[in-house]
Amino acid sequence: MPRPLLAFAAACLPLSALAQSGDADWQACAAIAGDTQRLACFDRWAQGQRPALAATPVQAPAAPVPPPAAEPARGLRLTAREGCRDMAYSQLSRFWELERGSDCGVFGLRSFRPLIAAAAFGDTVNRQPTSDNPTNNATTAVDYRTREMRLQLSVRSKLAKGLLTPNASDASDSVWFAYSQQSYWQLFTPGISRPFRSTDHEPELMYVYPLQAGGTGWRLRYGGIGIVHHSNGQSLPYSRSWNRVYLMAGAERGRLQLQGRLWRRIDEDRVNDDNPGISNYMGRAEVQASWQPDADNHFTAIARHNLRSKARGSLRLEWSRTLWDGGDLAPGGLQLYTGFFTGYGDTLLDFNRRRSVFTIGVSLAEW
């Protein structure tokens, strides 16, 4: 076709014809002499190509396949769920689970006091325990040594939560059951077949209510009530036991924690009382101060007082240092443990006998 006729045809062809005419279309546009008409022709041709392009789906690049999530470490899980020990919460909040974000659920096992296995070196040992009740006086002495082993087991479990705190609040109250056991084992006395000299049992039930009193300094974090039974499970004349109800509270400031208990003994019939006057020796109140200057060291001081003019009580000092962090199997880590006790009531058999004892060994805490 002559060039002028080709140009005329290109200018007059409808858009649909241009879209169907293939390579000849743009050649016809190129033959147009006028710039304006030629540009308009190319525009119509380009528009005619869009349906064809849209008809052919464009293959989107494949999304990158994320790497498989790391399988969680397998091990002993004693708490009800993961993520409940967020370090964003304070020490007391994590321990007593005072906020919903620090809640570990109900019925899981937690530590209460440290689990301890340590050698104990006392300045004296009670070979013939006595009591103000004549039926509880030992008639013969046993050749115990002042060097022995101290073993302590202590666990707790949350039985209920959110009983009195509003649902809309982040605070969470709770009911706990705890059990503690302390034994002195005459491991270094083969002549009398290495007996357990004393084993004390201490189950207790407590209610904890979260508080937020205070500003940038000391903050009162919780208050609570509890009841505890304390006995050594032995028969006469070595039987010792008492029951108490108590009020408790805790405050903190940074890495410092201060907790206190004030109790009253539940009275017993004096004829059946294994240890009359025990409150005058083992005290009526307790204050515990804890300091954790860094992730590896933890210091604790526990003082008891009988709140009477003839002062008696006890003082326990403890220092633990992390030796190995075992992750899931030992969430609190294996620790070097050292302790010093002086005063009355290191054991129930020693409730009315003053004693000082140094212990060194290992412990497991906050699992």
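Novice: When you look at the overall build of the chain in this model, what are you seeing that I'm missing?
Specialist: Summing up its helical and strand segments, the chain has six helices and 13 strands in all. Across the 367 residues of the chain, 42% fall into the buried class. Taking the contacts inside the chain whose residues are at least 6 apart along the sequence as the reference set, 59% of them involve residues at least 24 apart. Just so you have it, the chain exposes about 19600 Å², and 61% of that area is on carbon and sulfur atoms.

Novice: Help me out: how do you make sense of the pattern of salt bridges in this one?
Specialist: All told, the structure shown has 20 salt bridges when counted by the stated rule. Between Arg 113 and Glu 204 there is a salt bridge; the shortest N-O distance is 3.7 Å. Taken as a pair, Arg 113 in the loop between strand 1 (109-111) and strand 2 (115-122) and Glu 204 in strand 5 (residues 196-213) lie far apart in primary sequence, 91 residues in all. Under the relative-accessibility criterion, Arg 113 is labelled partly exposed at 25%. Judged by relative accessible area, Glu 204 falls into the buried class, the value being 1%.

Novice: For this particular structure, what's the right way to read a nonpolar patch on the surface?
Specialist: A cluster of nonpolar residues, Val 106, Phe 107, Leu 159, Phe 177, Leu 205, Ile 227, Val 245 and Ile 266, forms a patch on the protein surface that exposes about 640 Å² of accessible area. With respect to the helices and strands, the residue Ile 266 is situated in the loop between strand 8 (256-265) and helix 6 (279-282). Residue classification places Ile 266 among the partly exposed positions, given a relative accessible area of 35%.

Novice: What should I look at first to understand the packing of aromatic side chains in this one?
Specialist: The geometry of an aromatic ring pair is captured by the separation of the ring centres together with the interplanar angle, meaning the angle of the planes. Scanning all chains against the criterion turns up nine aromatic pairs. Summarising the aromatic geometry, the rings of Trp 96 and Trp 176 are spaced 5.8 Å apart at their centres and angled 80° between planes, so their arrangement reads as edge-to-face. Pair noted here: Trp 96 is in helix 5 (residues 91-96) and Trp 176 is in strand 4 (residues 174-185), with a separation of 80 residues, a long-range link. Each member of the pair, Trp 96 as well as Trp 176, carries the same accessibility label: buried.

Novice: Would you mind going over the pairing of strand 4 with me for this structure?
Specialist: Across a regular strand the side chains alternate sides, sitting on one face of the sheet and then on the other. Relative to strand 4, strand 3 (residues 147-161) is paired through 12 bridges, and the arrangement is antiparallel. Across the sheet, Ser 157 pairs through a bridge with Phe 177, a residue of strand 4. Relative to strand 5, strand 4 runs antiparallel, the two being bridged by 12 bridges. What sits directly across from Ser 180, in strand 5, is Glu 202.

Novice: Even after reading the chapter, I still don't get the side chain of Arg 312, so can you show me in this structure?
Specialist: Here Arg 312 lies in the loop between strand 10 (297-305) and strand 11 (313-324). Despite being buried, Arg 312 has no salt bridge partner; Asp 132 is the closest side chain of opposite charge, sitting 8.4 Å away. Contacts of Arg 312, omitting those with residues within four sequence positions, involve Asn 280, Tyr 281, Arg 304, His 305, Asn 306 and Tyr 344.

Novice: What is the right way to read the confidence of the model for the chain from this model?
Specialist: Detailed reading of the predicted coordinates is not advisable wherever pLDDT falls low. Per-residue pLDDT for the chain has a mean of 83; in total, 79% of the residues score no lower than 70. Low pLDDT, under 50, characterises residues 1-21; the predicted model gives this stretch 29 contacts beyond four residues in sequence or across chains. Taken as a whole, residues 65-81 scores under 50 in pLDDT and shows 23 contacts with residues more than four places along the chain or in a different chain.

Novice: Sorry, what's going on with the environment of His 230 here?
Specialist: Positionally, His 230 belongs in strand 6 (residues 219-231). A residue is classified by how much of its surface remains accessible, and His 230, at 7% relative accessible area, is buried. A C-alpha to C-alpha distance of 9.6 Å links His 230 and Gln 181, two positions 49 residues apart in sequence. Not counting chain neighbours up to four residues away, the residues in contact with His 230 comprise Asp 200, His 201, Glu 202, Arg 240, Ser 241, Trp 242, Asn 243, Arg 244, Met 282 and Leu 348.

Novice: It is not clear to me how the nonpolar core should be interpreted in this structure. Could you clarify?
Specialist: For soluble globular proteins, nonpolar side chains are generally found buried alongside one another. Core analysis: the largest hydrophobic core is formed by 21 residues, its most contacted members being Trp 96, Met 206, Val 208, Tyr 222 and Met 248. Counting only elements with at least two residues in this core, the list comes to helix 5, strand 4, strand 5, strand 6, strand 7 (241-253) and helix 6.

Novice: Please clarify how the environment of Ser 235 should be interpreted in this entry.
Specialist: Note on placement: Ser 235 falls in the loop between strand 6 and strand 7. The exposure class assigned to Ser 235 is exposed, which follows from its relative accessible area of 54%. Separated by 99 residues in sequence, Ser 235 and Asn 136 have C-alpha atoms that sit 9.3 Å apart.

Novice: Whenever I open this one, unusual backbone geometry confuses me. Can you help?
Specialist: Trans is the prevailing form of peptide bonds, just as negative phi is the prevailing case for residues other than glycine. In this chain, Leu 236 is followed by Pro 237 through a cis amide linkage whose omega measures 10°. Along the chain, the position of Pro 237 falls in the loop between strand 6 and strand 7. Unlike most non-glycine residues, Phe 107 shows phi in positive territory, near 70°. With respect to the helices and strands, Phe 107 occurs in the loop between helix 5 and strand 1. For Arg 194, which is not glycine, the phi torsion reads 50° and is therefore positive. You can see Arg 194 is positioned in the loop between strand 4 and strand 5. On the basis of relative accessible area, Arg 194 is assigned to the partly exposed category, the value being 41%.

Conventions adopted
- Residues numbered from 1 in each chain as written.
- Predicted model: local features only at pLDDT ≥ 70, side-chain atom pairs only at ≥ 80, totals over all residues.
- Heavy atoms only, no water.
- Helix = DSSP H or I, 4+ residues; strand = E, 2+ residues; numbered from the N terminus.
- Buried < 20%, exposed > 50% of the residue type's maximum accessible area, 1.4 Å probe, protein only.
- Contact = heavy atoms within 4.5 Å.
- Areas by Shrake-Rupley, 256 points an atom, 1.4 Å probe, with all protein chains shown as cover.
- Salt bridge = Lys/Arg side-chain N within 4 Å of Asp/Glu carboxyl O.
- Patch = residues over 30% accessible without salt bridge, like charges linked within 9 Å, V, L, I, M, F, W, Y side chains within 5 Å.
- Phe/Tyr/Trp six-rings, centres within 6.5 Å; stacked < 30°, edge-to-face > 60°.
- Pairing = 2+ DSSP bridges.
- Lys, Arg positive; Asp, Glu negative; His and termini not counted.
- pLDDT = per-residue confidence, 0-100.
- Core = buried A, V, L, I, M, F, W, Y, C linked by side-chain atoms within 4.5 Å.

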